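# Analysis of the macromolecular model
The primary structure of each chain is shown beneath.
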Amino acid sequence: MPELIQSVRGMNDLLPPDSAKWGYVERRCRELFERHGYEEIRTPVLEHTPLFARGIGETTDIVEKEMYTFTDRDESSLTLRPEGTASVIRAYIEHSLAHREPVSKLFYIGPMFRRERPQKGRYRQFHQIGAEILGRDDPLIDAELLLMLHDFFTALRLEVTIDVNSLGDAVCRPAYRESLRVFGESRLAQLCENCHARLHRNPLRLLDCKEPGCRQVTADAPVFADFLCAPCRDHFARVQDYLRRENVPFALNPRLVRGLDYYCRTSFEVIAQGLGSQNAVCGGGRYDGLVEQLGGPAVPGIGFAIGVERLVMLLQAQAPPRSSPPDLFIAPLGEAAEGRAFSVAHRLRLGGYRIELESGSRGLKAQMRRADKLGARYVLILGENELAAGKGTVRDMQAKSDRPAAIDLALPARAMIEAIYNPSSQPSALSPQPEGAEQDSPGKV
Ligand SMILES: [Zn+2]
Ligand SMILES: [Zn+2]
């Protein structure tokens, strides 16, 4: 026996019926995002490694430890994208989208790759739904984006709150950072080793630390709200006003910080009920310096990414979206009948009907079991001896009755399906049998 080859650790197969949930989530997303004027962008999963070093930050855990990076045959260093934003901005710059439109609203859906320690709900290939708005920095657009996110989760019948914070800008951030540094220095002994390093690199990250000891120490750390300059304060206040206006539930979270300089002003996380300690299902914020950092024009941006695996986990608690049964199950008996069934199925599918077609080599009993399992209400049985007369037998699985029906391939699909559903309503040489009349064989009409 050859050795069984399994999937790569941390990379999952997505199988039915779970895949239906993913499709459902993606359809809701496309509907809503397109209503807001977003257009889809698809970028490659492979990029040159420096894009992520510059776009995410050389000293982040992602870039330092988690990227799938390899040397290509021409010695260039390539990386499987660990997130979506850097690629979107790279494409935005490369194709000069800024010259085409003053504002670009782009969304993406796709796999991302990080070599994290596999644990429940965390995968090395994971999926994100994300969006970026490039070219606007007014509070209205921030609020519109947050409202859209709220509507997205509500459409999925998920209860969420949005944590928000303002990270200021280049004017007011230095003073806040310095105050955090001084605060941290004075409590050095109580902080973990990671935080010691953070204190020098970026004191804002002290607020990020998950260590209970550090969290306790930083509970009364200075908050950014007290340091915002007047334009940042006004921007943040207006974002909140808009959210209140449409009753979007949100909470101010002064711990919501991000490590890099180009993150500014509105920063947020969507918190879902029922995900436990890792309850953020979406994160994002404003990044006004990133396009320039990657070699593009000075264009402001804001965006978010939703973790699809987590989102689907939340949907598990709900009744699954029911897969609809076929409009008709066709059961041919024998090879000649199979040919006709093949054409009938094609005609009806072209007309928009969902048709299941079985092999004519299977017995009637086996076919009926299958039709029953799929939840088909009507089965069209095509026996060899009915073929010449252009007829078939319709079994109503609910009423448990058989009726003859005329099958005319010259009719439009709609008329064909009506003749099958209601044989009596169609002009036919056959008089319909009374309801409930059982036939011992569908061949005998
Ligand atoms: Zn710490
Ligand atoms: Zn400011």
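Residues numbered from 1 in each chain as written. Chains lettered and ligands numbered in written order. Predicted model: local features only at pLDDT ≥ 70, side-chain atom pairs only at ≥ 80, totals over all residues. Heavy atoms only, no water.

### What about the coordination of the zinc ion (ligand 1)?
Around the zinc ion (ligand 1), the protein supplies Cys192 (SG), Cys195 (SG), Cys209 (SG) and Cys214 (SG) as donor atoms, at distances of 2.2 to 2.3 Å. Around the zinc ion (ligand 1) sit 4 donor atoms, and with donor-metal-donor angles ranging over 104 to 113 degrees the site reads as tetrahedral. Here the donor residues of the zinc ion (ligand 1) are spaced in sequence according to C-x2-C-x13-C-x4-C. Within this pair, whereas Cys192 is found in the loop between helix H7 (173–185) and helix H8 (193–201), its partner Cys209 is found in the loop between H8 and helix H9 (212–217), the two being separated by 17 residues in sequence. Exposure remark for Cys192: the relative accessible area of 18% places this residue in the buried category. We classify Cys209 as buried; its relative accessible area is 4%. (Donors = N, O, S within 2.8 Å, 3.2 Å for Na, K, Ca; no water. Tetrahedral: all angles 85-135°; square planar, octahedral: opposite > 155°, others 65-115°. Helix = DSSP H or I, 4+ residues; strand = E, 2+ residues; numbered from the N terminus. Buried < 20%, exposed > 50% of the residue type's maximum accessible area, 1.4 Å probe, protein only.)

### Observations concerning unusual backbone geometry
Cis geometry marks the peptide bond from Pro16 to Pro17; its omega dihedral reads 5 degrees. On the secondary structure map, Pro17 appears in the segment before helix H1 (18–35). Even without glycine at this site, Ser96 takes up a positive phi of about 50 degrees. Tracing the backbone shows Ser96 in the loop between helix H4 (85–94) and helix H5 (97–100).

### A few points about the sheet that holds strand S11 (residues 301–307)
Here we have 8 strands laid out as an open sheet, ordered S1-S5-S6-S11-S10-S9-S7-S8, and mixed in their pairing. Of all strands in the sheet, those with a lone pairing partner are strand S1 (39–40) and strand S8 (250–252), marking the two edges. (Pairing = 2+ DSSP bridges.)

### So, the confidence of the model for the protein
Taken residue by residue, the protein gives an average pLDDT of 90. The fraction at 70 or more is 93%. Taken together, the stretch residues 426–445 has pLDDT below 50 and engages in 34 contacts with residues farther than four places along the chain or on a different chain. (pLDDT = per-residue confidence, 0-100. Contact = heavy atoms within 4.5 Å.)

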